[in-house]
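Close look at the chain arrangement
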Amino acid sequence: MGTAVGPMSLRELLLAAEAGGAAGGEEEVCVVGIFGKTALQLCSEKEALVSTVCDRQVFPLFPEEDPELADGAAGQDGDPATKDYNQLQAYYSQESRVLYLVLTSICDTPQLLRACGDLAAAENREAGPGHPSGGPAPLPHAEAHEFWKHQEKLHCLSLLYLFSVCHILLLVHPTCSFDITYDRVFRALDGLRQKVLPSLKAAIKDCPVGKEWKLNCRPCPPRLLFLFQLNGALKVDPLPSRGQDPCGHLEKPPPKKHSPKRRLQHALEDQIYRIFRKSRVLTNQSINCLFTVPANQAFVYIVAGGPQDGDDPVAMLLDQLRSNCTMRETDSLLAPTLSGPRRYQMMRHGRQQLSFHAESSSSSSSSSGQLVDCTLKEFLWQHVELVLSKKGFEDSVGRNPQPSHFELPTYQKWVAAALKLYEVTIEGKDDDPTCGELSSKIMSSIKVLEGYLDIDTKFSENRCQKALPMAHSAYQSNLPHNYTMTVHKNQLAQALRVYSQHARGPAFHKYAMQLNEDCYKFWSNGHQLCEERSLTDQHCVHKFHLLPKAGEKPEADRNPPILYHNSRARSTGACNCGRKQAPREDPFDIKAANYDFYQLLEEKCCGKLEHINFPIFQPSTPDPAPARDEASPAPPEGEMEKLKEKEPQTQGESTGLSLALSLGQSTGSLGTYPPDAQGAGDNAESHGQSGDSKGEKRPSLVDRQASTVEYLPGMLHSNCPKGLLPKFSSWSLVKLGPAKAYNFHTGLDQQGFIPGTNYLMPWDIVIRTRTEDEGDLDTNSWPAPNKAVPGKRSAVVMGRGRRRDDIARAFVGFEYEDARGRRFMCSGPDKVMKVMGGGPKESALKALNSDMPLYILSSTQGRGLKPHYAQFMRLFVVVPDAPLQITLTPQVQPGPPPCPIFYPEKQEITLPSDGLWVLRFPYAYVTERGPCFPPKESQQLMSYKVLRGILKAITQ
């Protein structure tokens, strides 16, 4: 066994001593703890001081990394926030009976670099390889602040351990000015020690130490010494060269008693003592203090040396090498007198040539009256000898100083007490229930440090707490009693803006989250408005409520109330045929909008008229289910439909979607299909404005059977699943009467029409072409009643012969209706009809060959700034008693692409001759994904349109 044990980690030393493998177990030891900060230069670590005091290279110059920390530094294992970067290393000098404990923390350069490396690795893991910025995401300010303050708290726990097991403590600082932050640290340690003292007593109650040690949880009030490194701040002026007078004509000042370094030491001692006395860290009775300082001994030492003292490290190394080589030749006789390893002594000898030049100069000037400065070992040993001689420290001051306890333990007794405290304060062992409970109590008491250490967070929390009431006032300003989520978010954004103007620091995010929660609680506690929007994009005015179930009555007094949706918006609408108007509530579901309202008026007005019914879902099971579109989930409620599929292609001027496309079947082309057998009889050639039909054959309705198990929850449109029908039809086709029921000169006799806009436009259809010789119709005579008026000659063939056409006249009207019940016809896109008398002169060809807008600005606007829109609601068609068939193919696109195209359940309807027919369009357009809302002010109205080709004429 040598004269020293170590160096090793403190945990290994304690475990080895507990197992009985340590030498000198019965020797009394003095425990010296070393902590503080280090500079960036090499050999400035605290371990170098142990080597200086022991006069040998105790710790390696380039220490190996701890495997656990090395893994953590690689950034592969663990979270940096859970790591403890504090290391306690121990070295026991059996020869001098001194045990050195060196604390390395994030205040030291190696551990600081390791912690920063772990943080960078954690940021890289969180960002991932596909991060948009191409680099690691920066750690948020609050999280980074929390990480460093947590490490500072763990550092305080390690310091608490040192202050509980050491006799002497050395505070190392890399400059020659006192760091005032230690005042906060020591006050925090004192408060933490008083808080956890009962837990520490319980931990060492069975240890073989004295009663006073068990009572105070420390062998004695430790004496704190301060070591400052000169670091180039204090230099001795070089001696003047020969022939030069350094002072010139000035008189040379007399030599002072103390050297500059000693005077600096005295000034620092006075400054430190005054600071600690003012902050009550030091009091008259040393037994109540966290540490003591001697009253009649020096407790500050300035290390005037080290490699960092040289301006040029390379030049310093060259000078040291030169001095070593010179010593080997001239001072070989000194070798036997050197103690310790010769290699370290040679390094010390070369280092003294530079490092302690001030001391040598002061000793050379001792003859002139200056006192000789002591070395570091001499400075420390005057305090160590007081411990080893069992005299203790009498550092109490005042009129009635009380003696403090002192105990010099044997090595084995100290290990027993130190191991228990290490398990409780540092490791936090959970294996032993007692130690685990004590460790949890100590970790819970660590919050007492926040008031001392985390000044930034304390200031930030105070500032943020003052900003919260202002943010709350900003949120609640100009608020209605009930409001929607959109208003809540807007007010919350305003509150956060006010909050961000006044709140600062790491607590910003914490109180911003609290503001968010407070505002949400205020909103949800009786101020939440129903989020449901009507099919006209109006909010329900009730506060948050539930809908009545089947057979349940509304109850407004319940919490939450049971009510139907109501937006308090009322409008006036006409029935299916248009003859009767009635007020209507703002609908919230498609059945109330497109079916229920018209069914109520059907009984009063249209019930006895002839209808063409559209096919609807016919269930074969008692409990049918709505169809689900699993390929694409539904968007949030109230959001306008935005489909991601490809936009459906529109047809030609006189075409409609085929049945195969409406049922979702795959077709090679979306072109025009001629009428099928059920829609218009035999496939015949069409003439006139309908154009020539292509020779393609439409798929028959019999080819596809509609489902009798699943129904379509919305309306039929181009993106619907195939083979599904809704429970009710949103369209209506009614016959008002024969063709003669419409009077060309007086127009429609119905309610709500603006004067001069209730006329249908004439549509002349060529039936048969004949030569002039075959004509037996007197063009100068009046036509018979209800007979078509012949038109002009439509074609002239080259030559002498002339032809004239037999023409049948139909009438078409595009009716628009606004929310106030005002109705009018349009003669073309964005052109309101205005007839002064005698019937309209403009033909319907322009309207039939154009996309008519689904919404148009109402012809009579109100006083408000918000425009009123009229919606295309009915198509009036007068089919003459003539040998022709008129086919109806309505298609509506109620929104910009990719909005689907809506059409009735029977896409092509053949209107029988001699009749005044009314096709009522849906009031609202809804898919299984939600409603297609009416346009806003900033949207283009022509994106909402009724596609061209709605009517086709086919001669028989």
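Values in this document were obtained by computation on a predicted structure and should not be read as measured data.

1. Considering the packing of aromatic side chains
Overall, the coordinates contain 36 aromatic pairs when judged by the stated rule. Taking 4.8 Å as the distance between ring centres and 25° as the angle between the ring planes, the aromatic pair formed by Tyr-92 and Tyr-411 counts as stacked. Of this pair, Tyr-92 sits in strand S3 (residues 87-93) while Tyr-411 sits in helix H13 (residues 411-427), and the two are 319 residues apart along the sequence. Tyr-411 shares its class with Tyr-92; the two are buried. For the pair Tyr-161 and Tyr-422, a centre-to-centre distance of 5.8 Å together with 75° between the ring planes defines the contact as edge-to-face. Placement of the pair is Tyr-161 in helix H5 (residues 141-165) and Tyr-422 in helix H13, with a sequence separation of 261 residues. Across the pair, Tyr-422 and Tyr-161 agree in class, each one buried. Joined through ring pairs, the aromatic side chains of Phe-35, Phe-163, Phe-178, Tyr-182, Phe-186, Phe-226, Phe-228, Phe-276, Phe-291 and Phe-299 make up one cluster. Across the ring face of Phe-597, the terminal group of Arg-584 is positioned such that the distance to the ring centre comes to 4.2 Å.

2. Some thoughts on the environment of Phe-147
Along the chain, the position of Phe-147 falls in helix H5. Along the sequence, Phe-147 and Pro-80 sit 67 residues apart, while their C-alpha atoms lie 8.1 Å from each other. Discounting chain neighbours no more than four positions away, the residues touching Phe-147 are Pro-80, Ala-81, Tyr-85, Ala-115 and Leu-119.

3. Here's the deal with the pattern of salt bridges
With the rule as written, the count across this model stands at 18 salt bridges. A salt bridge links Asp-764 to Arg-809, with the shortest nitrogen-to-oxygen separation between them at 2.7 Å. One end of the pair, Asp-764, is in strand S14 (residues 761-771); the other, Arg-809, is in strand S15 (residues 803-818), with 45 residues separating them in the sequence. For Asp-818, the salt bridge identified is with Arg-822, shortest N-O distance 3.3 Å. Taking the relative accessible area as the measure of exposure, Arg-822 reaches 23% and is therefore partly exposed. One salt-bridge network, held together by shared partners, links Glu-815, Glu-817, Arg-823 and Arg-874.

4. Describing the packing of H5 against helix H6 (residues 181-203)
H6 packs onto H5 with a crossing angle of 70° between their chain directions and a minimal axis gap of 10 Å. As the angle between them shows, H5 and H6 are arranged roughly perpendicular. Residues Cys-156, Leu-157, Leu-159, Leu-160, Phe-163 and Ser-164 of H5 pack against Val-185, Phe-186, Leu-189, Leu-192, Arg-193, Val-196 and Leu-200 of H6. Partitioned by chemical class, the residues of the contact of H5 with H6 number 11 nonpolar, 1 polar and 1 charged.

5. Describing the sheet that holds strand S27 (residues 944-946)
The pairing of strands in a sheet comes from backbone hydrogen bonds and takes either a parallel or an antiparallel form. Spatial strand order, S18-S27-S22: 3 strands in an open sheet with antiparallel pairing. The sheet is open, and its two borders are formed by strand S18 (852-853) and strand S22 (892-894), each paired with just one other strand. Pairing analysis gives 2 bridges linking S18 to S27, with the strands arranged antiparallel. Paired with Pro-853 across the bridge in S27 is Lys-945.

6. Remarks on the side chain of Ser-858
Tracing the chain through its elements places Ser-858 in the loop between strand S19 (855-857) and strand S20 (869-879). At 3.0 Å, the side chain of Ser-858 forms a polar contact with the side chain of Asp-818. Residues contacting Ser-858, with those up to four places away along its chain left out, are Asp-818, Phe-824, His-868, Tyr-869 and Ala-870.

7. Overview of the environment of Tyr-475
Positionally, Tyr-475 belongs in helix H16 (residues 455-476). Spatially, the C-alpha atoms of Tyr-475 and His-488 are 8.4 Å apart, while their sequence positions differ by 13 residues. Leaving out residues up to four positions away in the same chain, Tyr-475 has contacts with Tyr-483, His-488, Gln-491, Leu-492, Ala-495, Cys-519, Phe-522 and Trp-523.

8. Focus: the state of the cysteines
The final tally for this structure, using the stated rule, is 0 disulfides. Cys-107 forms no disulfide, and the closest cysteine sulfur to it belongs to Cys-156, at a distance of 9.2 Å. Classification of Cys-107 by relative accessible area gives partly exposed; the value is 26%. With no disulfide of its own, Cys-166 lies 8.9 Å from the sulfur of Cys-30, the closest cysteine sulfur.

9. Examining the pairing of strand S13 (residues 732-737)
S13 sits mainly inside the fold: 6 of its 6 residues count as buried. Bridge count for strand S10 (residues 610-611) against S13 is 2 bridges, and the pairing is antiparallel. What sits directly across from Glu-610, in S13, is Lys-735. Here S13 pairs with strand S24 (residues 915-920) via 5 bridges, running antiparallel. Bridging from a neighbouring strand, Lys-735 pairs with Trp-917 of S24.

10. Here's the deal with unusual backbone geometry
With an omega of 10°, the peptide bond between Pro-897 and Pro-898 qualifies as cis. As for its position among the elements, Pro-898 is in the loop between S22 and strand S23 (909-911). In the Ramachandran plot, Cys-217 falls in the positive-phi region, its phi being about 60° despite a non-glycine side chain.

11. Side note on the pairing of S20
In terms of residue burial, S20 counts as a mostly covered element, since 10 of its 11 residues are buried. As judged from the 3 bridges shared by S19 and S20, these two strands associate in the antiparallel manner. Within the sheet, the bridge partner assigned to Leu-857 lies in S20 and is Tyr-869. One ladder, built from 6 bridges, connects S20 with S24; its direction is antiparallel. Note that in S24 the partner of Val-879 across the bridge is Gly-915.

The rules behind the values
Residues numbered from 1 in each chain as written. Predicted model: local features only at pLDDT ≥ 70, side-chain atom pairs only at ≥ 80, totals over all residues. Heavy atoms only, no water. Phe/Tyr/Trp six-rings, centres within 6.5 Å; stacked < 30°, edge-to-face > 60°. Helix = DSSP H or I, 4+ residues; strand = E, 2+ residues; numbered from the N terminus. Buried < 20%, exposed > 50% of the residue type's maximum accessible area, 1.4 Å probe, protein only. Lys NZ or Arg CZ within 6 Å of the ring centre and 35° of its normal. Contact = heavy atoms within 4.5 Å. Salt bridge = Lys/Arg side-chain N within 4 Å of Asp/Glu carboxyl O. Axes fitted to C-alpha atoms, helices over the stretch in contact; angles between N-to-C directions. Parallel < 35°, antiparallel > 145°, perpendicular 65-115°, else oblique. Nonpolar A, V, L, I, M, F, W, Y, C, P; charged D, E, K, R; others polar. Pairing = 2+ DSSP bridges. Polar contact = N/O pair within 3.5 Å; in protein donor to acceptor, adjacent residues only side chain to side chain. Disulfide = S-S within 2.5 Å.

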